[in-house]
Amino acid sequence: MATMRVEEVFGAERGRILATLIRLLGDFDVAEEALQEALTAALEQWPVAGTPGNPAAWLISTARHKAIDRLRRRARLAQMQDEIARHIELIAEEEAPVPEDRLRLIFTCCHPALSQEAQVALTLRTLGGLSTEEIARAFLVPAPTMAQRLVRAKAKIRLARIPYEVPPDDALAERLEAVMLVVYLVFNEGYAATFGAGRVRYELCDQAIRLGRMLVELLPTQAEAKGLLALMLLHDSRRGARLDASGDIVLLEDQDRSLWDKAQIDEGVALVETLLREGGSASGSYALQAAIAALHAQASSAGATDWKQIAALYGLLANIHPSPVVELNRAVAVAMAGDVEAGLRLVEELDQGAQLEGYHLLSVARAELLRRLGRHTESRAWYEQALALVTNEAERRHLEKRLRDLP
Amino acid sequence: MRYMLLIYRDESQWDASPLSERKAAFEAAVAYSEDLRSRGLYEGGEPLELSNTATTVRMRDGKATVTDGPFAETKETLGGYSIIDAKDLDEVLAIVRHHPLVKAGLSIEVRPIRMGPPK
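Residues numbered from 1 in each chain as written. Chains lettered and ligands numbered in written order. Predicted model: local features only at pLDDT ≥ 70, side-chain atom pairs only at ≥ 80, totals over all residues. Heavy atoms only, no water.

K.L.:
Just checking my understanding: could you explain the interface of chain A and chain B for this structure?
P.N.:
Note on interface size: it is often stated as the accessible area lost on association of the parts. Contacts between the two partners involve 10 residues from chain A and, on the opposite side, 9 residues from chain B. Here chain A and chain B share an interface that buries about 760 Å² over both sides, 51% of which is from carbon and sulfur atoms. On the chain A side of the interface with chain B, the three residues burying the most area are Ala160(A), Arg161(A) and Pro163(A), jointly 53% of the side's total. Put simply, chain A and chain B have 2 salt bridges between them. Between Arg97(B) and Glu174(A) there is a salt bridge, and its shortest N-O distance comes to 3.6 Å. (Contact = heavy atoms within 4.5 Å. Buried area = accessible area lost by both parts, 1.4 Å probe. Salt bridge = Lys/Arg side-chain N within 4 Å of Asp/Glu carboxyl O.)

In structure tokens, the structure reads:
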């Protein structure tokens, strides 16, 4: 029972506690080791002495004293007297976890001086509390490779002295963009699962949404953070309807909408409405993508979706971030809004641009639109092209089924 | 905390640009460094001659052998260095982002200077 308590506190608070310890101790590894020791002490002491009134503060305080003891022992050997002095001085400081610490931590983990792979891994390890093995599994790399990636990143933070602080106002927007990109990468990795058997790794989606909430809570004036959270909530609301019992993909238009998470949709839509009211057509790209997802989420059926508005939103998105993928989505929305011929023309133009060469969804879109127009022979050829490019197993099965279903 | 800025340039491009431009870039870099020095951030630095003036010494078959040319043949080569004393990496990066040589199209690598023996 008491054991469970320790783990409950630890699980929920790990990121916050670690963030504060890194600030107090000035080193990722020292903080992680100390936290591990404090957890061991808690497992021994709490069942006997009772759970302390403020378990997080207890863990921080204990971890810190463990770290100082360790540094003292090491300092005696290496005569690092000034380091002892620095840490003893710190004892007098505030030990409660402050929210700002988690923000410092995510900005350090997502510092542009680290590779993006390392940013993702460090964020999940420190703020998400995932084990090295779990992160390795999620990104399909061997555990020793992931462990080495984390060790190198932490060494670079220490040796190059990447600061542990929230960037100043003039750099905040740019740095926040990098943080949001990492959070969205984590979400997409969980949601799309590019390779392998296609089991959707929802743990990553949950982690990303938790991080998104943290950004909104700690940076309340940053509109794009709200946009990112809304986007993730709305995509994730369809979790229960995206795969059928045998693990095959169910297209948006065929999903059982009663399986969508209503509470999550309401939360996402409310965020989008605030954003559009405040930002209008000057909204950022996450807000616009969230607005598109909100239109899908609010429609009672695929046919009842406001595709005209969706096509217009993709147009706005293309203005901010010109991208062939956005253009492809706009083309599909134009077709869905009723003008299949016009949509197909846009898709064909994109295909000539060659920027999307090898992108299976372009072939899929072409096949789908040709099917709708009754041009089945051409449609078949494009499904076959898509099958030659696809890497995800669930998507492959889905395309094979579409191909079989052609008259 | 001390950092070395390693300034890299595409030599064929650099060498082909008009002398007046190269002089202007040099003067801007000197002025920038002097400003950094006045704020206690700059410890020193020098430009280097082109890599076709380089000579490399390495051990071959137990003998220290001298060869013509740089350590590695690369498109961009080391063209100079500066030593910066800053609070942390962000402070150095802010300095480097505004460096006139970056604006002139050169690349600057930032490396922490290790204190003492290898650990």
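From this point on, the discussion continues.
K.L.:
What should I look at first to understand the nonpolar core in this one?
P.N.:
In a soluble, globular protein the nonpolar side chains are often hidden away together inside. Residues and elements named next belong to chain A. In this structure, Ile106 and Leu215 are the most contacted members of the largest nonpolar core, which totals 121 residues. In this structure, Leu215 is in contact with Leu103, Ile106, Leu176, Val179, Met180, Val183 and Ala225, ignoring residues within four places of it in sequence. Within the second largest apolar cluster, 12 residues are counted, among which are Leu328, Ala331, Val340 and Leu362. (Core = buried A, V, L, I, M, F, W, Y, C linked by side-chain atoms within 4.5 Å. Buried < 20%, exposed > 50% of the residue type's maximum accessible area, 1.4 Å probe, protein only.)

K.L.:
Explanation requested: the environment of Val269(A) in the structure shown.
P.N.:
Residues and elements named next belong to chain A. Checked against the element boundaries, Val269 lands in helix α12 (residues 262–279). Residue Val269 is classed as buried on the basis of its relative accessible area, which comes to 10%. Taking the C-alpha atoms as reference points, Val269 and Ala291, separated by 22 residues in sequence, lie 7.8 Å from one another. When residues no more than four places from it in sequence are discounted, the contact partners of Val269 are Leu234, Ala294 and Gln298. (Helix = DSSP H or I, 4+ residues; strand = E, 2+ residues; numbered from the N terminus.)

K.L.:
What is the right way to read the state of the cysteines from this model?
P.N.:
Working definition of a disulfide: a covalent bond connecting the sulfur atoms of two cysteines. Inspection of every chain in the model, using the stated rule, returns 0 disulfides over all chains. Counting only cysteine sulfurs, Cys110(A) is the nearest neighbor of Cys109(A), a cysteine outside any disulfide, at a range of 6.2 Å. (Disulfide = S-S within 2.5 Å.)

K.L.:
What's the story with the packing of aromatic side chains in this structure? I'm lost.
P.N.:
By convention here, two paired aromatic rings are described through the distance between centres and the angle between planes. Residues and elements named next belong to chain A. This model, assessed by the stated rule, comprises 4 aromatic pairs over all chains. On the basis of an interplanar angle of 10° and a centroid distance of 6.3 Å, the ring pair of Tyr184 and Phe187 is categorised as stacked. Highlighted residues: Tyr184 and Phe187, both in helix α9 (residues 169–192), separated by 3 residues, approximately one helical turn. Accessibility classification places Tyr184 together with Phe187 in one group, the buried group. Between Phe187 and Tyr191, the ring centres sit 5.4 Å apart and the planes meet at 20°, which makes this aromatic pair stacked. With a gap of 4 residues between them, Phe187 and Tyr191 both fall in helix α9, about one helical turn apart. (Phe/Tyr/Trp six-rings, centres within 6.5 Å; stacked < 30°, edge-to-face > 60°.)

K.L.:
Explain the pattern of salt bridges here, please?
P.N.:
Opposite charge on two side chains lets them pair, provided their charged atoms get close. Throughout the structure, instances matching the rule amount to 32 salt bridges over all chains. With its nearest N and O atoms 2.6 Å apart, the salt bridge here joins Asp101(A) to Arg104(A). Of this pair, Asp101(A) and Arg104(A) both sit in helix α5 (residues 99–109), 3 residues apart, roughly one helical turn. The class of Asp101(A) is buried, set by a relative accessible area of 0%. Between Arg37(B) and Glu34(B) there is a salt bridge, with its nearest N and O atoms 3.3 Å apart. Taken together, the residues span about one helical turn, with Arg37(B) and Glu34(B) both in helix α2 (residues 19–38) at a distance of 3 residues.

K.L.:
Where do I start with helix α11 (residues 223–236) of chain A in this structure?
P.N.:
Three or four residues apart is the spacing at which side chains of an α-helix point the same way, because the helix has 3.6 residues per turn. Residue and element names in this part refer to chain A. Compared with an ideal rise of 1.5 Å per residue, which puts 14 residues at 20 Å, α11 spans 20 Å between its outermost C-alpha atoms and is within 8% of the ideal. The buried fraction of α11 amounts to 12 of the 14 residues, a majority that puts the element mostly inside the structure. Residues of α11 that are buried include every one of Glu224, Ala225, Gly227, Leu228, Leu229, Ala230, Leu231, Met232, Leu233, Leu234, His235 and Asp236, and no others. Buried positions along α11 lie against α9, α10 (202–218), α12 and α13 (285–298). (Expected span 1.5 Å × (residues − 1).)

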